Amino acid sequence: MELQAVLMAAGGGSRMPDLTYNTPKPMLPVGNKPLMWHPLNLLERVGFEEVIVITTKEVQKMMSTDPKMKDVKMKLDVVCIQEDGDMGTADALRHIQQKIKTDVLVVSCDLITDVALHEVVDLFRAHNATLAMLMSKAHDFTETVPGQKGKKKTGEQRDFVGVDQSGKRLLFMANEADLEDGLSIRKSIMRKHPRMHIKTGLVDAHLYCLKKAVVDFLADNKSISSIRGELLPYLVRKQFSKTTNCPKSKDDADDQTQKTADGSTNSTELLICSRDEPLLQLAQERSCWNDHRGDMSEAYHGGKLRCYVHIMDQGLCYRVNTLAAYIEANRLASKLLEEPAVHPSAVISERCQMGPDSIIGAQCQVADKTSIKRSTIGNSTTVKEKVKVTNSIIMHGVTIEEGCNIHGCVICSNAVIGRGADLKYCLVGNGQQIEAEGEAHSFHTSTFNMLSLFSPPTVTRGT
Amino acid sequence: MAESGVTDGLCNTDDIERSKTEGKELTKEEKQRLRKEKKQQKKNKEKNDEKTSHEGEKKKNKKKKEEQPAGSASQPPAQPSPKAVPAPAPPPPAAAAVPVPASEAPAPADKPAKSKADLKAERRARQEAERASKGKKGDVGQPAPTGKLKAPPSELQPVVKRLPEHVQVDNPEVVKKLAKKLERQQTPGCNAAENVKIPLRSDYGYKVSLFSHLHQYSRKAPLTQQLGIPSTVIHPAIVRLGLQYSQGIVAGSNARSVALLHAFQQVIRDYTTPPNEELSRDLVNKLKPYISFLNQCRPLSASMGNAIKYIKKEISNIPSQCKEEEAKIKLLNCIERYINEKIVLAAKAIAKYSIEKISDGDVILVYGCSSLVNHILCEAFEKKRKFRVIVVDSRPRLEGREALRRLVQKGISCTYVLISAVSYILPEVSKVFLGAHALLANGYVMSRVGTSQIALVAKAFNVPVLVCCETYKFCERVQTDSFVSNELDDPDDLIVTRKGKTQLEHWQKVPSLGLLNLVYDVTPPDFVDLVITDLGMIPCTSVPVVLRVKNVDQ
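Here the residue numbering is sequential within each chain, running from 1 through the sequence in written order. For naming, the first written chain is A and the first written ligand is 1, with later ones following in the order written. Only residues with pLDDT of at least 70 are given local features in this predicted model, and only at 80 or more are side-chain atom pairs given and counted; all residues enter the totals for whole chains, interfaces and linings. Processing note: side-chain calculations cover all non-hydrogen atoms of the structure and skip hydrogens and water entirely.

Going by an unreviewed UniProt entry, chain B carries the name Translation initiation factor eIF2B subunit delta and comes from Gasterosteus aculeatus aculeatus. UniProt positions are given in the numbering used here, feature names are shortened, and annotations may be inferred rather than shown by experiment. Under the Subcellular location (unreviewed entry) heading, UniProt states for chain B: "Cytoplasm, Cytosol". Recorded in UniProt for chain B, the comment headed Sequence similarities (unreviewed entry) runs: "Belongs to the eIF-2B alpha/beta/delta subunits family."

Identification of chain A as Translation initiation factor eIF2B subunit gamma from Gasterosteus aculeatus aculeatus is taken from an unreviewed UniProt entry. Recorded under Subcellular location (unreviewed entry), the UniProt text for chain A is reproduced unchanged: "Cytoplasm, Cytosol". UniProt, in its Sequence similarities (unreviewed entry) section for chain A, records the words "Belongs to the eIF-2B gamma/epsilon subunits family."

Pasting the structure below:
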């Protein structure tokens, strides 16, 4: 077997508390399918047959009941971990180390993309890389987010990614938070790769191909808890460290042991320097190929640890971990899905105006004289007459009474919007009730700040 | 006759004459009779030839089965005569043979009395018999009988071999056949339910008409696009190898062979014999789709072909009572030995011979990056020979830079020129060392494109040209030009950006423009003075001898 897929679905969704306080992030509906369905669909399309899903018990329960998850034909091996435990992604990998028999492809549950996965995996295969990851040019989110005052980005920490001239080899990775005095690059890197492109506007897709030796290394090094935060920068740094260019003596000693026992002799040292077998070494010596030119060193500068990145410039790639991303993903979900926009079991009256980019879920009831444009309506939702819904995301089981005007809102499951309500850029939490004739602009409701809107117009502003 | 001559001896001359004439007459008569019979037989043969060729060419598709029993019913009595008629009798089974030759037997006998209807009936009977024989034997038999019965031009047919598929890309039927062959080569594996086939890589871009019979692929469209991840149909080591070939990470004849054998070692290690199967047969079948896959990624080289033949032979020679573990270990050792003998030790032997040819003060010209020539020069330098090297390079591969790096790293003083400057620099050169991709059976050297140019110019300047080649690269193919069998590389490699401008960026839109990126060319033996192999230093024309000796050994 070549690759084993691991889906990390235990994340909390800490950056969008309003949406996730009731529904765990992996089960949030995007285009009327649970969020974790999208990466699973990607893996299925590409040809995987089994996926190890690391998630919480709550999500597992919801997964078993959700009909959309039954569409997934792959065999899902669900591993449950504690919710409250402070388990990072690397800790989770360590937890399932026994199940990992070959190289592993780690995907995050909030990734929605249409990338040609073979581009990432081909880098991993062709260069015998230790790490291959996917990144994408960040797109600005154009939609107004409910509750945000203007288009401000709350002090986001930028990621600095350095790649070589071909744009494939990953040379440098650091987050702004870690760089206090400024960006410093070691001389050894500059000597080997005099031309480096440093990019900041990239989104990490959290899709990693890792060698099995890395998982074994994690098992020995319990201090690393997050893949993105700690393991990756470590690996990128280790590419140029002097000890990874393994001295021959180590090779001879280890040659006696089986070739599969990479990286287990030294507990803290990373022996991911996979000693290439002697034949591979011979082949490389005889081959007239070099990945760089201008200096006297052989291909890859003799380094055994190599990290590669595939940067997408076209196509969709979203990580749904903020509200803005969630809204954007819903907008574009209809492009990704091959199913018809309107579910066959939905009952839609003829005098309803429905725009082409809207998605209507199963068993919906949409009455006359409604207008639904650029919106996603979840399953079992009832929309009464004379309702205008634009640019909104309406989740499952919502009831919208007559005469409502909903613009740019996110309405979570089981909410009830009273008659004649006028909501603009609001986020209505789970099971909330908006009273009739209420008006609200840029408002969030959740269990934390209960709200009742009173009739005739009171415009309220708030977080 | 003598007695009649004696008894008639009284009347001398008349009798003698009479006896002579009588004798002559008698003999004449007999002779005439014999002659007539022979003529008739010949005529019948020709007539039959015409008839069968007639049928063979024109009436192949008619089906008239009713005629056959009628024909065969009338044929049995005349069986002895078929011995005179060649070909159809021996190969096909007797039942089919009987109507055919038998139908020809009544023909000579009834020749004068035959009517048109009879002729037609016989013709149809012969058709049926031929079709039956064709159906039973299949393609192989067909050229043989029809070839021998047909008129002279088609006699050449059995001698003409079928062209390999990779040089018939412009023939749509052949391409379809190849696609079907790849489909049939699905590995059943453990999931018999999924029938994943080895995908067919599609050609890219406009091909220059002289080379339209060859494949031309784009590096940006790898074959892995059409395969699933993770690859279960094809062993991951083979997928990795295919990718490395198509991206040029493993390039050079020796490197490709070593990498191939290494991947096969991994395949063998991971192999388990399915129940009711024998390792010697099943493993060979398992390797076939892998080889097709690698061929699609990049056409196989002659050295790879020889290595594959060796492996297949070793696998089929495994005795059936051998246990799986033992067999696997044996195969792995075979591979190690092959690489050690044919590549590593051969390089050492060639270096030893070549060092004798390098004298102090030499100026040696090398072309491109040949692992063997680099090895030789490095060894010679270590043996303290004083020489300098001129590295000639050519676009688009610019492999000479890599050769330059390796030589300079050792400490050899080098000059670097492009191939356009070769005639300016040759007056300084004392020897030319060239590497080879393959040595063909007629003494031609197949090597990187540009090699024949260098050999030609060197010949014009009377500079000795020495080709270094291991014996495992000797190939039984015969080629006298570089068109018939070659490799076309990605045409986009020829596009270069200078000062921000890329002139050829939209070359596909210009209908009359084609980009040709050839990889190999052949050098005639007249330009090569010596071939240095691990068996010694031989002239170019001795290649068939070496091949013959090799075959005898095996």
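Draft legend 1. Representation of the overall build of chain B within the structure. Along chain B, the regular secondary structure elements total 19 helices and 12 strands. A simple rule labels every residue: compare its accessible area, found with a 1.4 Å probe on the protein chains alone, to the largest value its type can have, and call it buried under 20%, exposed over 50%, or partly exposed in between. Of all 554 residues assigned to chain B, the portion counted as buried reaches 46%. Here, two residues are considered to be in contact whenever any of their heavy atoms come within 4.5 Å of each other. Sequence separation of at least 24 residues holds for 76% of the intrachain contacts in chain B that already meet a minimum separation of 6. By element, 54% of the accessible surface of chain B is carried by carbon and sulfur atoms, the whole surface being about 28,800 Å². Numbering goes from the N terminus for both helices and strands, where a helix is a DSSP run of H or I of at least four residues and a strand is a run of E of at least two. Note on areas: Shrake-Rupley, 1.4 Å probe, and residue coverage restricted to the protein chains presented here.

Draft legend 2. Molecular detail of the packing of helix 8 (residues 212-220) of chain A against helix 9 (residues 227-238) of chain A. All names here are of chain A. Between N-to-C directions, angles span 0 to 180 degrees; the directions come from axes that are lines fitted to C-alpha atoms, helices contributing only their stretch in contact. Running from N to C, helix 8 and helix 9 cross one another at 120 degrees; their axes reach a closest spacing of 13 Å. Crossing of helix 8 over helix 9 shows right-handed handedness. Taking contact as the criterion, the partners of Val214, Phe217 and Leu218 in helix 8 are, on helix 9, Leu231, Tyr234 and Leu235. Taken together, the residues of the contact of helix 8 with helix 9 break down into six nonpolar, no polar and no charged. For any helix crossing, the convention is left-handed if the near helix is rotated counterclockwise from the far helix by under a right angle, and right-handed if that rotation is clockwise. Ten residue types, Ala, Val, Leu, Ile, Met, Phe, Trp, Tyr, Cys and Pro, are classed as nonpolar, four, Asp, Glu, Lys and Arg, as charged, and the remainder, Gly among them, as polar.

Draft legend 3. Spatial organisation of the interface of chain A and chain B. Across the boundary between the two partners, chain A contributes 34 residues, which contact 40 residues of chain B. Here the buried area means the combined drop in accessible surface, using a 1.4 Å probe, for two parts upon being joined, counting both sides. For the pair chain A and chain B, the summed buried surface comes to about 3,300 Å²; carbon and sulfur atoms form 59% of the total. A carboxyl oxygen of Asp or Glu within 4 Å of a side-chain nitrogen of Lys or Arg is what we treat as a salt bridge. Here chain A and chain B share zero salt bridges between them. By the criterion applied in these results, polar contacts are pairs of N or O atoms within 3.5 Å in which, for protein atoms, one can donate a hydrogen and the other can accept it, and in which residues neighboring in sequence qualify only through two side-chain atoms. Our count for the contact surface shared by chain A and chain B stands at 15 residue pairs in polar contact (both at pLDDT 80 or more). Listing elements by their share of the side of chain A that touches chain B, those giving two or more residues are helix 6 (117-126) and helix 11 (278-286) of chain A. Broken down by element, the residue count for the side of chain A that touches chain B peaks at seven residues, all from helix 11 of chain A. Its residues placed into classes, the side of chain A that touches chain B shows 15 nonpolar, eight polar and 11 charged.

Draft legend 4. Region of the structure containing the pattern of salt bridges. Considering all chains together, one arrives at 33 salt bridges over all chains under this definition. One salt bridge in this structure joins glutamate 2 of chain A and arginine 125 of chain A, with 2.6 Å as the shortest N-O distance. Taken together, the residues glutamate 2 of chain A in the segment before strand 1 (3-9) and arginine 125 of chain A in helix 6 connect sequence positions 123 residues apart. The same class applies to glutamate 2 of chain A and to arginine 125 of chain A, which are both buried. One salt bridge connects lysine 383 of chain B with glutamate 379 of chain B, and the closest N-O pair in it is separated by 3.9 Å. The class for glutamate 379 of chain B is partly exposed, based on a relative accessible area of 24%. Several salt bridges converge on common partners, so that one network encompasses Arg219, Arg397, Glu399, Arg448, Asp489 and Asp493 of chain B.

Draft legend 5. Looking closely at the UniProt feature "domain: EIF2B subunit epsilon/gamma LbH" (unreviewed entry) in chain A. When the UniProt feature table is mapped onto this chain, "domain: EIF2B subunit epsilon/gamma LbH" (unreviewed entry) is found at residues 345-436 of chain A. A distance of 29 Å separates the end C-alpha atoms of residues 345-436 of chain A, which is 0% helix and 39% strand.

Draft legend 6. Inspection of the confidence of the model for chain A at higher detail. Residue and element names in this part refer to chain A. On average, chain A scores 80 in pLDDT, and the residues at 70 or more come to 85%. Every residue carries a pLDDT, the predictor's confidence in it, which falls somewhere between 0 and 100. Confidence, expressed as mean pLDDT per element, reaches its minimum in chain A at helix 10 (residues 248-256) with 43 and its maximum at strand 13 (residues 307-312) with 94. Low pLDDT, under 50, characterises residues 246-269; the predicted model gives this stretch 29 contacts beyond four residues in sequence or across chains.

Draft legend 7. Quick look at the sheet that holds strand 31 (residues 439-441) of chain A. Residue and element names in this part refer to chain A. Spatially, the six strands line up as an open sheet ordered 16-19-22-25-28-31, and their pairing is parallel. Two strands lie at the open edges of the sheet, namely strand 16 (353-354) and strand 31, each paired on one side alone. Note: two strands are recorded as paired if DSSP finds a minimum of 2 bridges between them. In this sheet, strand 19 (residues 371-373) lies alongside strand 16 in parallel orientation, the contact comprising two bridges. Within the sheet, the bridge partner assigned to methionine 354 lies in strand 19 and is isoleucine 372.

Draft legend 8. Up close: the packing of helix 11 of chain A against helix 11 (residues 253-269) of chain B. As a packed pair, helix 11 of chain A and helix 11 of chain B sit with axes 8 Å apart at the nearest point and diverge in direction by 160 degrees. Relative to helix 11 of chain B, the element helix 11 of chain A lies roughly antiparallel. Between helix 11 of chain A and helix 11 of chain B the crossing geometry is left-handed. On helix 11 of chain B, the residues that touch Leu279, Leu280, Leu282, Ala283 and Arg286 of chain A of helix 11 of chain A are Asn254, Ala255, Val258, Ala259, His262 and Gln265 of chain B. We call two directions roughly parallel when the angle between them is under 35 degrees, roughly antiparallel when it is over 145, roughly perpendicular when it lies between 65 and 115, and oblique otherwise.

Draft legend 9. Summary view of the confidence of the model for chain B. All names here are of chain B. Here chain B averages 79 in pLDDT, while 74% of its residues score no lower than 70. Below pLDDT 50 for its whole length, residues 1-12 participates in 11 contacts with residues either more than four positions away or in separate chains. Every residue in residues 138-157 is under pLDDT 50, and counting partners more than four places away or in other chains gives 15 contacts. Quick note on the complex model: pTM equals 0.77, ipTM equals 0.84.

Draft legend 10. Representation of unusual backbone geometry within the structure. Look at the link from isoleucine 229 of chain B to proline 230 of chain B: it is a cis peptide, with omega at -5 degrees. With respect to the helices, strands and loops of the structure, proline 230 of chain B is situated in the loop between helix 9 (172-184) and helix 10 (236-247). The omega angle of the peptide bond from arginine 395 of chain B to proline 396 of chain B is -5 degrees, so this bond is cis rather than trans. Position of proline 396 of chain B among the secondary structure elements: in the loop between strand 2 (387-393) and helix 16 (400-410). The backbone of tyrosine 300 of chain A sits at a positive phi, close to 60 degrees, despite the residue not being glycine.

Draft legend 11. Looking closely at the nonpolar core. We call a set of buried residues a nonpolar core when its members are Ala, Val, Leu, Ile, Met, Phe, Trp, Tyr or Cys and they connect through side-chain atoms within 4.5 Å of each other. If you look at the biggest cluster of nonpolar residues, it comprises 50 residues, and the most contacted ones within it are Ile234, Ile238, Leu260, Phe264, Leu287, Phe293 and Ile339 of chain B. Elements represented by at least two residues in this core include exactly helix 11 of chain A together with helix 10, helix 11, helix 12 (279-297), helix 13 (302-316) and helix 14 (324-357) of chain B. Residues contacting isoleucine 238 of chain B, with those up to four places away along its chain left out, are Ala263, Phe264, Val267, Tyr290, Phe293 and Leu294 of chain B. Of all hydrophobic cores here, the second largest spans 46 residues; its members include Leu43, Met63, Leu117 and Phe124 of chain A.

Draft legend 12. Highlighting the state of the cysteines. Put simply, a disulfide is two cysteine sulfurs that come within 2.5 Å. Scanning the entire structure with this criterion turns up zero disulfides over all chains. Free cysteine cysteine 307 of chain A: the closest other cysteine sulfur is in cysteine 209 of chain A, separated by 12 Å. Under the relative-accessibility criterion, cysteine 307 of chain A is labelled buried at 0%. Free of any disulfide, cysteine 540 of chain B has its nearest neighbouring cysteine sulfur in cysteine 469 of chain B, separated by 9.5 Å. Accessibility expressed as a relative area gives 4% for cysteine 540 of chain B, which makes it buried.

Draft legend 13. Main features of the packing of aromatic side chains. Residue and element names in this part refer to chain B. Here a pair means two rings of Phe, Tyr or Trp (six-membered ring of Trp) with centres within 6.5 Å. Their orientation is stacked below 30 degrees between planes, edge-to-face above 60, and tilted elsewhere. Taken as a whole and judged by the stated rule, the model has six aromatic pairs over all chains. Note on phenylalanine 381 and phenylalanine 387: the rings are 6.5 Å apart at their centroids and 90 degrees apart in plane angle, and the pair reads as edge-to-face. Overall, the relative accessible area of 28% leaves phenylalanine 381 in the partly exposed class. The buried category is assigned to phenylalanine 387, whose relative accessible area is 8%. An aromatic cluster is defined as three or more aromatic residues linked by ring pairs; in this entry it consists of Tyr310, Tyr338 and Tyr472. In our convention, an over-ring charge means Lys NZ or Arg CZ found within 6 Å of a ring centre and within 35 degrees of that ring's normal. The side chain of arginine 256 reaches across the aromatic face of tyrosine 245, ending 5.4 Å from its centre.

Draft legend 14. Local environment of the pairing of strand 3 (residues 414-418) of chain B. As defined by bridge partners, strand 2 of chain B adjoins strand 3 of chain B across five bridges and the pair is classed as parallel. Within the sheet, the bridge partner assigned to isoleucine 390 of chain B lies in strand 3 of chain B and is threonine 415 of chain B.

Draft legend 15. Molecular detail of the environment of proline 17 of chain A. Residue and element names in this part refer to chain A. Tracing the chain through its elements places proline 17 in helix 1 (residues 17-20). Using a relative accessible area of 40% as the deciding quantity, one classes proline 17 as partly exposed. Measuring from C-alpha to C-alpha, the distance between proline 17 and threonine 322 comes to 9.3 Å, with 305 residues separating the pair along the chain.

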